[in-house]
Amino acid sequence: MKAMIYVALAVAIVPLQSTLWQAVNIDGIRPDLGLVAACLVGFLAGELDGLLLGCLLGFSQDIFSAGALWLNLVTKGGAGFLAGLVERQVAHLTPMLVFVAVLIVSALSGAIVIVAMKLKAFDDLWFTVGRVVVLQAVFDALMGVGVYWVVQRRFLAERFLAEDRL
């Protein structure tokens with residue numbers, strides 16, 4: 001059942017990212033739904049599930065994009081794995097921790113992409129880091145916290161209703 005949900009997420013997120021999500025941007029920068037989904041699955045289901053979904057999402061994005069092959073697979077898989085490790089090391093996952101963790105993971109992913117693009121010009125490098133990587137990391141972190149908050153509230157409500165029935 002879990003595998004079918006992950007495949008459905010991969011099938012839904014990649015087209016959504018490239019079509020409908022084009023309208024959601026700040027100065028041309030959009031949040032990376034694949035990275036956010038991999039991180040949230042890592043937080044909620046563990047590092048192995050985060051790694052598997054991240055690799056599946058990254059592979060799907062690599063196949064359907066014109067970018068460097070395997071780059072998304074590595075960054076999304078690594079993001080899900082790191083999020084799962086963070087979740088394992090804390091006693092209670094809070095929205096602030098989710099924000100900081102997704103921010104850091106997204107910034108690391110952006111740094112890996114910059115290294116893979118091999119930006120040579122110093123001006124282009126600082127523009128890309130300051131304008132694209134940081135803004136996208138903040139955007140990803142806000143998106144991750146929002147989705148985490150909705151999921152957390154839903155599961156807390158279900159748990160409360162289940163305890164109320166007893």
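Residues numbered from 1 in each chain as written. Predicted model: local features only at pLDDT ≥ 70, side-chain atom pairs only at ≥ 80, totals over all residues. Heavy atoms only, no water.

Peer 1: Is there a simple way to explain the overall build of the protein in this structure?
Peer 2: Secondary structure summary: the protein contains 6 helices and 0 strands in total. For the protein, the α and β elements follow one another from N to C terminus as α-α-α-α-α-α. Going through the 166 residues of the protein one by one, you find that 37% of them count as buried. In the protein, of all internal contacts separated by at least 6 residues, the share reaching a separation of at least 24 is 68%. (Helix = DSSP H or I, 4+ residues; strand = E, 2+ residues; numbered from the N terminus. Buried < 20%, exposed > 50% of the residue type's maximum accessible area, 1.4 Å probe, protein only. Contact = heavy atoms within 4.5 Å.)

Peer 1: Explanation requested: the packing of aromatic side chains in the structure shown.
Peer 2: To describe a pair of aromatic rings, you give the distance between the ring centres and the angle between the ring planes. This model, assessed by the stated rule, comprises 1 aromatic pair. Ring geometry for F59 versus W70: centroids 5.9 Å apart, planes at 35°, classification tilted. Of this pair, F59 sits in helix 3 (residues 47-64) while W70 sits in the loop between helix 3 and helix 4 (71-89); the two residues are 11 residues apart in sequence, bridging distant segments of the chain. Relative accessible area serves as the criterion here: at 45%, W70 is assigned to the partly exposed category. (Phe/Tyr/Trp six-rings, centres within 6.5 Å; stacked < 30°, edge-to-face > 60°.)

Peer 1: What's the story with helix 4 in this structure? I'm lost.
Peer 2: Within an α-helix, residues lying three or four positions from one another point in the same direction, as the helix has 3.6 residues per turn. For helix 4, built from 19 residues, the straight-helix expectation of 27 Å at 1.5 Å per residue is met to within 8% by its first-to-last C-alpha distance of 27 Å. For helix 4, every residue scored as buried is listed here: L71, N72, L73, T75, K76, G77, A79, G80, A83 and G84. The inward-facing, buried residues of helix 4 contact helix 2 (33-45), helix 3 and helix 5 (95-117). (Expected span 1.5 Å × (residues − 1).)

Peer 1: Teacher, can you tell me more about the nonpolar core here?
Peer 2: The nonpolar side chains of a soluble globular protein tend to be buried, and buried together. Among the nonpolar cores identified, the biggest contains 26 residues, and C39, L40, F43, L57, V98 and V102 are the most heavily contacted of them. Of all the elements in the fold, those that place two or more residues in this core are helix 1 (2-18), helix 2, helix 3, helix 4, helix 5 and helix 6 (122-165). With residues near it in sequence (within four places) discarded, V102 still touches C39, F43, D140 and A141. (Core = buried A, V, L, I, M, F, W, Y, C linked by side-chain atoms within 4.5 Å.)

Peer 1: Help me understand the side chain of Q17 in this model?
Peer 2: Relative to the elements of secondary structure, Q17 occurs in helix 1. On the basis of relative accessible area, Q17 is assigned to the buried category, the value being 13%.

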